[in-house]
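Coordinate analysis (summary)
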Amino acid sequence: MSALQFLALLALILCSGANEDTLVVKIGAIFFDSEMKLAEAFSVAVEEVNAINPALRLETVKRYLTIDDSIVLQDLSCDLIENGVAAIFGPSSKTNSDIVEVLCNMTGIPHMQFDWHPQQSGRERLNHQLTVNVAPMELFLSSAFLDILSSKSFDWRSFTIAYEKSAHLNRLQHILAWKQLHKTGIKMQEFERGDDYRILWKRINNAREKFVLLDCPSDILVDVIKASIEYNMTGSFNHLFLTNLDTHVSGIDQFYSREFTVAVTAVRIRTYIPPPVHDEIDVFDNYVDTRFSSLLTQLVYDSVVLFYNALLEISQRPGFYIPQLSCGRGFWQPGPRLVKQMKMISPKSAKPPFKTQRLQINMDGQREDFNLEVYNPLIDRVTHIWNKEFQLVDYDKLRDNSTQALKQRRIQGKEDFSQKPVSYTVATRVGKPYFSWRVEPEGQHFEGNERFEGYAVDLMYKLGEICKFHFNFEPVKDNKYGSYDPVTDEWDGIIRQLIDNNAQIGICDLTITQARRTVVDFTVPFMQLGISILSYKKAPPKADIYAFLNPYGVAVWMYVMIAMIITAYALIFTGRIDQYEWEQPVENENHELERENIWHLNNTMWLVLGSILNQGCDLLPRGLPMRLLTAFWWIFALLISQTYIAKLAAFITSSKIAGDIRSLHNLVDQNKVQFGTIRGGATSVYFSESNDTENRMAWNKMLSFKPDAFTKNNEEGVDRVKLNKGGYAFLMETTNLQYHVQRNCELTQIGESFGEKHYGIAVPLNADFRSNLSVGILKLSEKGVLYTLKNKWFNDNTTTCDNNASTIDDGQFDMDSVGGLFVVLIAGIIISILIGVAEFLWHVQRISVKEKILPMLALKAEFYFFIRFWLTKKPLHTYRQSRDSTSTGYSSLEQISSASSTKKKKKTKRIAN
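The structure presented is a predicted model; accordingly, all values stated were derived computationally and were not measured.

Each value, and the rule that gives it
- Residues numbered from 1 in each chain as written.
- Predicted model: local features only at pLDDT ≥ 70, side-chain atom pairs only at ≥ 80, totals over all residues.
- Heavy atoms only, no water.
- Helix = DSSP H or I, 4+ residues; strand = E, 2+ residues; numbered from the N terminus.
- Contact = heavy atoms within 4.5 Å.
- Areas by Shrake-Rupley, 256 points an atom, 1.4 Å probe, with all protein chains shown as cover.
- Expected span 1.5 Å × (residues − 1).
- Buried < 20%, exposed > 50% of the residue type's maximum accessible area, 1.4 Å probe, protein only.
- Arc of directions from axis to C-beta.
- Right-handed = clockwise from strand over helix to strand, strands pointing away.
- Disulfide = S-S within 2.5 Å.
- Axes fitted to C-alpha atoms, helices over the stretch in contact; angles between N-to-C directions.
- Parallel < 35°, antiparallel > 145°, perpendicular 65-115°, else oblique.
- Left-handed = near helix turned anticlockwise from the far one by under 90°.
- Nonpolar A, V, L, I, M, F, W, Y, C, P; charged D, E, K, R; others polar.
- Pairing = 2+ DSSP bridges.
- Core = buried A, V, L, I, M, F, W, Y, C linked by side-chain atoms within 4.5 Å.
- Patch = residues over 30% accessible without salt bridge, like charges linked within 9 Å, V, L, I, M, F, W, Y side chains within 5 Å.
- Salt bridge = Lys/Arg side-chain N within 4 Å of Asp/Glu carboxyl O.
- Polar contact = N/O pair within 3.5 Å; in protein donor to acceptor, adjacent residues only side chain to side chain.
- Phe/Tyr/Trp six-rings, centres within 6.5 Å; stacked < 30°, edge-to-face > 60°.
- Lys NZ or Arg CZ within 6 Å of the ring centre and 35° of its normal.

1. Here's the deal with the overall build of the chain
Looking only at helices and strands, one finds 30 helices and 28 strands in the chain. Long-range contacts, defined as pairs at least 24 residues apart, comprise 69% of the intrachain contacts of the chain with a sequence gap of at least 6. Accessible surface for the chain amounts to roughly 49,100 Å². Of this, 55% is attributable to carbon and sulfur atoms.

2. Quick word on helix α25 (residues 770-782)
Here α25 is 13 residues long and its end C-alpha atoms lie 19 Å apart, about the 18 Å a rise of 1.5 Å per residue gives. All of the buried residues in α25 are Leu773, Ser774, Gly776, Ile777 and Leu780. For α25, the arc enclosing every buried residue in end-on projection is 160°, short of the 170-degree limit, so these residues lie on one face. For α25, the secondary structure elements touched by its buried residues are α14 (455-467), β20 (505-506), β28 (762-764) and α26 (785-794). Looking one or two places after α25, you find Gly784, whose phi comes out positive at around 80°.

3. A word on the pairing of strand β9 (residues 239-242)
The side chains of a regular strand alternate between both faces of the sheet. The alternating pattern of β9 places His239 and Phe241 and Leu240 and Leu242 on opposite faces, both of which are buried. Taking the sense of rotation as the criterion, the β-α-β connection linking strand β8 (residues 211-215), helix α9 (residues 221-226) and β9 turns out right-handed.

4. What about the state of the cysteines?
Within this structure, the stated rule accounts for 1 disulfide. Two residues share a disulfide in this structure: Cys78 and Cys327, whose sulfurs sit 2.0 Å from each other. Every disulfide takes its handedness from the sign of the S-S torsion; for Cys78 and Cys327 that torsion is -125°, giving left-handed. Of the two residues, Cys78 is situated in helix α3 (residues 70-82) and Cys327 in the loop between α10 (295-314) and α11 (334-344); the sequence distance between them amounts to 249 residues.

5. Considerations on the packing of α14 against α26
Following both chains from N to C, one finds α14 and α26 inclined at 155°, their axes separated by 10 Å at the closest point. With respect to their mutual orientation, α14 and α26 come out roughly antiparallel. Handedness of the crossing formed by α14 with α26: right-handed. In this structure, α14 uses Tyr455, Asp458, Leu459 and Lys462 to contact α26, whose residues at the interface are Val785, Leu786, Leu789, Lys790, Lys792, Trp793 and Phe794. Looking at side-chain class alone, the contact of α14 with α26 contains 7 nonpolar, no polar and 4 charged residues.

6. Regarding unusual backbone geometry
A cis amide bond links Lys351 with the next residue in sequence, Pro352, at an omega value of -10°. Omega for the bond connecting Lys706 with Pro707 falls within 30 degrees of zero, at 0°, which places this linkage in the cis form. Positive phi is not limited to glycine here, since Asp155 has a value of about 55°. One can find Asp155 in the loop between α6 (138-149) and β6 (159-164). Even without glycine at this site, Arg358 takes up a positive phi of about 60°. Looking at the element boundaries, Arg358 is found in the loop between α11 and β11 (372-376).

7. Digging into the environment of Glu592
Tracing the chain through its elements places Glu592 in the loop between β23 (586-587) and β24 (593-594). When its relative accessible area of 47% is taken as the criterion, Glu592 is described as partly exposed. Contact partners of Glu592, with chain neighbours within four places excluded, come to Val586 and Glu587.

8. Structural notes on the sheet that holds β6
Taken together, 8 strands build an open sheet; the order of strands is β7-β6-β8-β9-β10-β11-β12-β13 and the sheet is mixed. If you trace the sheet from one side to the other, it starts and ends with β7 (186-191) and β13 (391-394), each paired once. Averaged over neighbouring strand pairs, the angle between their axes works out to 25° when direction is ignored. The sheet contact formed by strand β10 (residues 263-269) and β11 spans 4 bridges and is antiparallel. Counterpart to Val267 in the pairing with β11 is Val374. Its contacts with the sheet place helix α8 (residues 197-206) against β6, β7, β8 and β9, and it is angled at close to 165° to β7.

9. Regarding the sheet that holds strand β25 (residues 674-676)
Strand order in this open sheet of 4 strands is β25-β26-β22-β27, and the pairing throughout is mixed. Every other strand in the sheet has two partners, leaving β25 and β27 (747-759) as the edge strands with one partner each. The mean inter-strand angle of the sheet, taken between neighbouring strand axes irrespective of direction, is 20°.

10. So, the nonpolar core
Core analysis: the largest hydrophobic core is formed by 91 residues, its most contacted members being Leu58, Ile175, Leu306 and Phe307. A total of 13 residues in this core trace back to one element, the largest contributor, which is α10. Filtering out sequence-adjacent residues up to four positions away, Leu58 remains in contact with Val25, Ile27, Val46, Val49, Asn50, Val304, Phe307, Tyr308 and Leu311. Residues Met702, Val718, Ala729 and Ala762 belong to the second largest nonpolar core, which totals 44 residues.

11. Examining a nonpolar patch on the surface
On the surface, Val554, Met558, Tyr559, Met561, Ile562 and Ile566 cluster together into a nonpolar patch covering about 650 Å² of accessible area. Take Tyr559: it is sitting in helix α17 (residues 554-577).

12. Here we look at helix α2 (residues 36-50)
Between its terminal C-alpha atoms α2 stretches 21 Å, which fits the 21 Å expected from 15 residues at 1.5 Å a residue. Taken together, the buried positions of α2 are Leu38, Ala39, Ala41, Phe42, Ser43, Ala45, Val46, Val49 and Asn50. Elements in contact with the buried residues of α2: β1 (23-32), β2 (56-65), β3 (85-89) and α10.

13. What to know about the side chain of Asp521
Locating Asp521 in the fold gives a position in strand β21 (residues 520-522). Within the structure, Asp521 has its side chain in polar contact with the side chain of Arg157 (distance 2.9 Å). Once you skip the residues sitting within four places of it in the chain, Asp521 turns out to touch Arg157, Ile761, Ala762, Val763, Pro764, Leu765, Asn766, Ala767 and Arg770.

14. Points about the pairing of β1
Judged by how many residues are buried, β1 sits mostly within the fold: 7 of 10 residues are covered. With α2 bridging β1 and its parallel neighbour β2, the resulting β-α-β unit is right-handed.

15. Considering the packing of helix α24 (residues 734-743) against α26
How two helices sit against one another is set out by the angle between their axes and by the gap between those axes. As a packed pair, α24 and α26 sit with axes 10 Å apart at the nearest point and diverge in direction by 40°. With respect to their mutual orientation, α24 and α26 come out oblique. Seen from α24, the contacting residues are Thr735, Asn736, Tyr739, Gln742 and Arg743; seen from α26, they are Lys790, Trp793 and Phe794.

16. Quick word on the pattern of salt bridges
Scanning the model with the defined rule gives 22 salt bridges in all. Between Arg358 and Glu389 there is a salt bridge, with its nearest N and O atoms 3.7 Å apart. Of this pair, Arg358 sits in the loop between α11 and β11 while Glu389 sits in the loop between β12 (381-387) and β13, and the two are 31 residues apart along the sequence. The class for Arg358 is partly exposed, based on a relative accessible area of 21%. Lys792 serves as the salt-bridge partner of Asp458, at 2.9 Å between the closest nitrogen and oxygen. Pair noted here: Asp458 is in helix α14 and Lys792 is in helix α26, with a separation of 334 residues, a long-range link. Bridged by salt links that share partners, the residues Arg268, Arg270, Glu373 and Asp380 form one connected network.

17. Quick look at the packing of aromatic side chains
Counted by the stated rule, this structure contains 38 aromatic pairs. When the centroid spacing of 5.2 Å and the interplanar angle of 25° are considered together, the rings of Phe255 and Phe260 count as stacked. Like Phe260, Phe255 is buried. An aromatic cluster of three or more residues is present, and its members are Tyr424, Phe435, Trp437, Phe452, Tyr461, Phe469, Phe471, Phe473 and Phe769. Over the aromatic face of Phe446 sits the side chain of Arg438, whose NZ or CZ is 4.3 Å from the ring centroid.

18. What about the environment of Ile81?
Structurally, Ile81 can be placed in helix α3. Assessed through its relative accessible area of 2%, Ile81 is described here as buried. For the pair Ile81 and Thr107, spaced 26 residues apart in the sequence, the C-alpha separation amounts to 8.4 Å. Beyond its immediate chain neighbours, meaning those up to four positions away, Ile81 contacts Ile88, Leu103, Thr107, Leu325, Ser326 and Cys327.

Spelled out as structure tokens, the structure:
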């Protein structure tokens, strides 16, 4: 044997010995040609595991794909199997075919996956029994996302899911089942790679959305978010939740600035902590292996480690052999045992350690357990840790449970600009008494919040003291509350400022409405009120003391008096021609018999007047003509008097309530007074959206009025009421109404308030400081501060209006209206007395002429008798008896009595004859 042959034989022997000491196992991998980083990670992982145990070494066989084609994929898989590989790694989820899983299942070759694939049904799993996937199950990822968004730290009540068309929505299935797909729940917005992403954000911005769950690949994440800047979606009240587990390598930290204050939250699989911090419970080492920065590279590494540890165990057992198969024939028997062993490997026993924590494969070849980091990707600050056992746990709580040395290593990194500012911008509108510009005294100039005063200003100062924050007032330019325009699909006023993130708080006499609550949130109410009617207080009519004459006109009264006179003369005429109306003959002083007729003007007028006044009369007719005439007069008098009484009663009522408006019902039922409210305000919304018939009628009438019945603000409405002086009424909140009524004596409130409303402080949707403000308002209410502020700004103690005057009319005549009756009575008394005095003097004159005595003597005698009012009988010749009588006048009375008896006897004798 030559020397050359000897050396060759020796080399064969040495190689044979080496092969006996080291087991070389081939493993195959399929990558797309765009996944070179994954291929590099695969090679690095094989190098590291080969250094673990010299008795087992892995040898890689790589194949690359250009396009997703199942035929090409089948050929590559068969080529790997024919090359004797003990496992096939990949391909990634870019392929839509399961041909690799099927071929591996048929040949007994383990199939290792490191990326998400569509969820398999029970029948599909029968063909994929040898497939192991180290990527976390999407079902548990979906559960983690739900736990995060529904936690107290997030509390997302409504949001928009923006997803890239090719994204796996399986990882969002729990969220989609959590809330209804509705504008008040979850809204969906789809986009595609390469689109104009500004269109996506324009749709989201038009929907007034502040909370967005963004699910898109990490390589286009920066471009998508950059498009949101143009639509002002970068304010401190915007929230982004990024579901891609590779967000930390997307370059999103380039948005870190004071202008980009979005609250960004992302998630990632927590990486394993290498020694000396070796225990997975202690999660505070910040070491990052840049070779495996993306999740897929980490999962490729873990899949290699998992396979190697299982192979190391199985290869030492009897019956193991290197596979020599082809796609058409043979089954590698160690393959199923190898897959079973992978399912039994514990994360703590794996060497080298897994890159991702808590890697454990279940019986279906899926990974159920993992740790998720919830973090801010702009500053790389972790806030929570999630796993299926403990759900969401606050990161600081975990740190508090760590060792004291590690607690000293708290992150002292970048400032988090997404944290809500301590100083808020307060949007408001000018309108007394809530907010107005302060009058500057001469020589003084105010700056900042000192320029303003009002109820809202004082309330914000009180809340700032309790809730520990600063604020700056910014009156809105259009001075509007905030109403929705369906034509432009835009809001205005204070609400608009909150929507655009230009303000964090909105306060004034801002009513809480359902429409506004769809775009902003409100605190608990700080004031409760209603709607009432502001009207002009007309000057009371001048008192008419002859109001009792108003039921009849002047002409009627004239005709009634003429009728009385004519009737009186008719009675005189009829009485003189009717023989039954003459008295029995009586002897006169000349001893002649004569008959007397009592129906002269005095008596007939008395009968006529007594009849029309519904009074009796001692003079009654006896003859038929007189009785018939009197009966017809009584009918006339009865109708005239009763009609007057009825008309007087009606006049008393109608004159007091005619034209009065005492409620909304009266306002709607009349056409003389126009009425309106603020255009687009909460009061107009109350009427326009009410189902009450009366409210709808009021709204329709307001729409029909010409000129326009609506105003821009309360001040314009109040001025319009004063200018129209009763021709216009303004519907407004009771608090503002009372404020203006107390300061304008010519204004008044009509009727009771209706339509209960509340004023609240507006904040952006889901603002976390809303509850803090609500607690502050409740504290102020309990301390009586709100009541004090209301008295300060709404109750004007310096008013000069006559508030004691009754504003409620009871429909009765007052003294000013019936004073004419007393005038008539007094005039009647005076006239009667004057006539009586005249007749008295006339009687004295007749006595002086007849008795031929001095008038003064007769007047003195008659006056002396007049003042002695206790005397009831008068002597025939008073002047004679007064000279002889005593002070008591008894002698005169005796003579009068005897003379009267003699006259009666003579008269009786005449009648007998």
